[in-house]
Amino acid sequence: MELMQTLILPCVYAFAACIGFSFVFNIHGKGTLICACGGGLGWLCYLLSAPLVQSDIVQSFLAAMAISAWSEGMARVRKCPVTSYLVVALFPLVPGGGIYYSMRHAMNGDVDAFMNELMHTLGLAGALAVGVLVVASLVRIVTARRRPAVPAEGEDG
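Residues numbered from 1 in each chain as written. Predicted model: local features only at pLDDT ≥ 70, side-chain atom pairs only at ≥ 80, totals over all residues. Heavy atoms only, no water.

1. Description of the overall build of the protein chain
Helix and strand counts for the protein chain stand at six helices and zero strands. Helices and strands in the protein chain line up, N terminus first, as α-α-α-α-α-α. For the C-alpha atoms alone, the extent of the protein chain along its principal axes is close to 70 × 40 × 35 Å. Burial statistics for the protein chain: of 157 residues in total, 32% are counted as buried. Within the protein chain, counting contacts between residues at least 6 apart in sequence, those at least 24 apart form 63% of the total. Counting only carbon and sulfur atoms, one obtains 68% of the accessible surface of the protein chain, whose full area is about 9900 Å². Each charge class in the protein chain can be summarised by its mean position, and for the 9 positive and 9 negative side chains these summaries are 15 Å apart. (Helix = DSSP H or I, 4+ residues; strand = E, 2+ residues; numbered from the N terminus. Buried < 20%, exposed > 50% of the residue type's maximum accessible area, 1.4 Å probe, protein only. Contact = heavy atoms within 4.5 Å. Areas by Shrake-Rupley, 256 points an atom, 1.4 Å probe, with all protein chains shown as cover. Lys, Arg positive; Asp, Glu negative; His and termini not counted. Charge placed at Lys NZ, Arg CZ, Asp CG, Glu CD.)

2. What about the pattern of salt bridges?
Throughout the structure, instances matching the rule amount to one salt bridge. Residue Glu72 pairs with Arg76 through a salt bridge whose shortest N-O separation is 2.9 Å. Of this pair, Glu72 and Arg76 are both found in helix α3 (residues 56-78), four residues apart, which corresponds to roughly one turn of the helix. (Salt bridge = Lys/Arg side-chain N within 4 Å of Asp/Glu carboxyl O.)

3. As for helix α1 (residues 2-24)
Here α1 spans 33 Å end to end across 23 residues, near enough to the 33 Å set by a 1.5 Å rise per residue. Maximum bend of α1: about 35°, positioned at Ile8, with proline Pro10 one to four residues after it. Within α1, the full set of buried residues consists of Leu7, Pro10, Cys11, Ala14, Cys18 and Ser22. Elements in contact with the buried residues of α1: α2 (30-53) and α4 (82-90). Of the residues one or two after α1, Asn26 is the one with positive phi, at around 60°. (Expected span 1.5 Å × (residues − 1). Bend = angle between axes of the 7 residues up to and from the residue.)

4. Here's the deal with α4
Within the sequence span of α4, burial applies to Val82, Tyr85, Leu86, Val88, Ala89 and Leu90. Packing partners of the buried residues in α4 comprise α1, α2, α3 and α6 (111-146).

5. Observations regarding a nonpolar patch on the surface
Judged by side-chain polarity, Met1, Leu3, Met4, Ile8, Val12 and Tyr13 come together as a nonpolar surface patch covering roughly 650 Å² of accessible area. Within the secondary structure, Met4 is located in helix α1. (Patch = residues over 30% accessible without salt bridge, like charges linked within 9 Å, V, L, I, M, F, W, Y side chains within 5 Å.)

6. Things to note about the packing of aromatic side chains
In this structure the tally under the stated criterion is four aromatic pairs. When the ring of Phe21 is compared with that of Phe91, the centres are 4.0 Å apart and the planes differ by 0°; the resulting orientation is stacked. You can see Phe21 sitting in helix α1 and its partner Phe91 sitting in the loop between α4 and α5 (96-108), a full 70 residues away along the chain. The exposure class assigned to Phe91 is partly exposed, which follows from its relative accessible area of 27%. Ring geometry for Tyr100 against Tyr101: centres 5.1 Å apart, planes inclined by 75°, an arrangement best described as edge-to-face. In this structure Tyr101 comes out as partly exposed when scored by relative accessible area, which is 38%. Following the ring pairs from residue to residue traces out a cluster consisting of Phe21, Phe25 and Phe91. (Phe/Tyr/Trp six-rings, centres within 6.5 Å; stacked < 30°, edge-to-face > 60°.)

Spelled out as structure tokens, the structure:
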């Protein structure tokens, strides 16, 4: 029962949220399920890495890497852009609560709480961006090495 509440249900909720965002981004058919699976996978990675790293910023980084790898793979399989899969699957990890609480502290004039919350939120957002960047860079390096070098115009190959 505890496994259900701590791992399975949150991943199902992330999956369902990604289905909703797929409709917003006009993704149809199998693409909806692929995006939703990416969101569920990312949330599962986030939850499973919690006991190992004890930092939600590192958890977000690892989850973003998992989502990015999933999106890159599915985009290649389906011959579709990576961005549509990636953006929708990242939504469950977006630090919306941190943004809200940062603004709430700012509006209340609590500068210390505002700065603490803002820095933490920016750390989470940065971890998501860097996680995606790392995987995208690795994919580019690997695919560039697989392709034969094309001689530039005017060069003899």
